[in-house]
Amino acid sequence: MMSSPLSVQGLSVAYHKKPVIRDVSFETPAGKLIGIIGPNGAGKSTLIKAALGLIPKLAGEVSIFGKPYREQRKLVGYVPQRESVDWDFPTNALDVVMMGRYGHLGWFRRPGAEEKRIALECLAKVGMADYADRQISQLSGGQQQRIFLARALAQDANLYFMDEPFVGVDAATEKAIITLLNELKGQGKTVLVVHHDLATVKEYFDWVMLLNVNLMEFGPTSDVFTSQNLQRTYGGRLVILERTDNDNAMLEQTR
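The paragraphs below set out a description of the structure included in this document.

Rules used in this analysis
Residues numbered from 1 in each chain as written. Predicted model: local features only at pLDDT ≥ 70, side-chain atom pairs only at ≥ 80, totals over all residues. Heavy atoms only, no water. Helix = DSSP H or I, 4+ residues; strand = E, 2+ residues; numbered from the N terminus. Buried < 20%, exposed > 50% of the residue type's maximum accessible area, 1.4 Å probe, protein only. Pairing = 2+ DSSP bridges. Axes fitted to C-alpha atoms, helices over the stretch in contact; angles between N-to-C directions. Contact = heavy atoms within 4.5 Å. Expected span 1.5 Å × (residues − 1). Arc of directions from axis to C-beta. Polar contact = N/O pair within 3.5 Å; in protein donor to acceptor, adjacent residues only side chain to side chain. Core = buried A, V, L, I, M, F, W, Y, C linked by side-chain atoms within 4.5 Å. Salt bridge = Lys/Arg side-chain N within 4 Å of Asp/Glu carboxyl O.

1. So, the overall build of the chain
Each helix and strand counted, the chain has 9 helices and 11 strands in total. Looking at the chain as a whole, 51% of its 255 residues qualify as buried.

2. Brief notes about the pairing of strand β9 (residues 214–220)
Direction of pairing for strand β8 (residues 207–212) relative to β9: antiparallel, over a ladder of 6 bridges. Counted as the bridge partner of Trp 207 is Pro 220 from β9. Linking β8 back to β9 in an antiparallel pair, the connection comprises 1 residue, with Val 213 at a positive phi of about 65 degrees.

3. Some words on the sheet that holds strand β4 (residues 59–64)
Whether parallel or antiparallel, the strands of a sheet pair through hydrogen bonds between backbone atoms. Overall, antiparallel pairing links the 3 strands, which are arranged β2-β1-β4 in an open sheet. Of all strands in the sheet, those bounded by a partner on one side alone are β2 (18–27) and β4. Neighbour to neighbour, the strand axes of the sheet diverge by 20 degrees on average, direction disregarded. Of the strands in this sheet, β1 (6–15), β2 and β4 touch helix α1 (residues 44–51), which is tilted by about 115 degrees from β1.

4. What to know about helix α6 (residues 171–186)
For α6, which comprises 16 residues, the first-to-last C-alpha distance of 23 Å matches the rise-based estimate of 22 Å (1.5 Å per residue) to within 8%. Buried within α6 are the following residues: Thr 173, Glu 174, Ile 177, Ile 178, Leu 180, Leu 181 and Leu 184. When α6 is viewed along its axis, its buried side chains cluster within an angular range of 155 degrees and face the same direction. In this structure, α6 carries Ala 171, Lys 175 and Gly 186 as exposed residues pointing more than 90 degrees from its buried face. Buried residues in α6 make contact with β3 (33–37), α5 (141–154), β6 (159–163), β7 (190–194) and α7 (201–204). Where α6 starts, the residue carrying a side-chain oxygen 3.2 Å from the main-chain nitrogen of Ala 172 turns out to be Asp 170. Looking at the residues trailing α6, positive phi occurs at Gly 188, about 85 degrees.

5. Digging into the nonpolar core
Of all hydrophobic cores here, the largest spans 45 residues; its most connected members are Val 97, Leu 123, Ile 147, Met 162, Leu 181 and Val 191. Considering each element in turn, this core owes the most residues, 7 residues, to α5. Val 8, Ile 64, Phe 161 and Val 194 belong to the second-largest nonpolar core, a separate cluster that totals 28 residues.

6. Observations regarding the sheet that holds β9
Reading across the sheet, the 6 strands line up as β5-β6-β7-β3-β8-β9 and stay open at both edges, with mixed pairing between neighbours. Strands with a single pairing partner mark the edges of an open sheet, and in this sheet they are β5 (76–79) and β9. For this sheet the average axis-to-axis angle between neighbouring strands, irrespective of direction, equals 15 degrees. Across the sheet, α5 is in contact with β5 and β6; its angle to β5 comes to roughly 175 degrees.

7. Details of the side chain of Thr 233
With respect to the element layout, Thr 233 can be found in helix α9 (residues 227–234). If sequence neighbours within four positions are ignored, Thr 233 has contacts with Gly 38, Pro 39, Leu 210, Leu 211, Asn 212 and Met 216.

8. Structural notes on the pattern of salt bridges
What the rule picks out here adds up to 5 salt bridges. Among the ionic pairs, Glu 121 bridges to Arg 117, the shortest N-O distance being 2.8 Å. Of the two residues, Glu 121 and Arg 117 both sit in helix α4 (residues 113–125), 4 residues apart, roughly one turn of that helix.

Pasting the structure below:
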């Protein structure tokens, strides 16, 4: 029996003794686009960072395809929030994408012609081939996001974590990103995406995780993404925009 791409058991994380995630357990199916949804401060980014070992866990276990993350790094791709990146670092788009190949090279091999070919291919997939030599500080927000997606593609991972990839991008970039995510899914990859736009959840994701410190619900979007579950997750901080026949709702978080 194949191990789950991501298995989380009893995960708790605290900042300054305040719980940010409390006793979260779930297993992801393979080959799905999974949206991680919840209000601000719900622990969505924290969940990803804890799974990747970027922040310490208070309790719990995380396994990637049945093994600890440190043994499975090559199988995992990560796109961080754009604002967490130092975009003034003096490097060009091609070099950033080639960083995605380092896990395949080992410690002592430098990237060569094959790595450059793969990186250029990945840049082309996100519509950025013409910007290979451009300094990343000179790119727009949407272009920077595409570069990081290309880097994740270059990793050729089986499990991807993406933290708010649609924030601050134009409509064309958003369309390019969701096309790319569906392409990854078509290859049997599993993609977890922290997402804030509730109006596009049903269109974009196969499965949904509703998180607010505790795991509220996790399962197929058609089962989980209901007005009742959303009200329970967000409390009173929702405006119902449009109700559908099956009691699913288009909702938006009020700022």
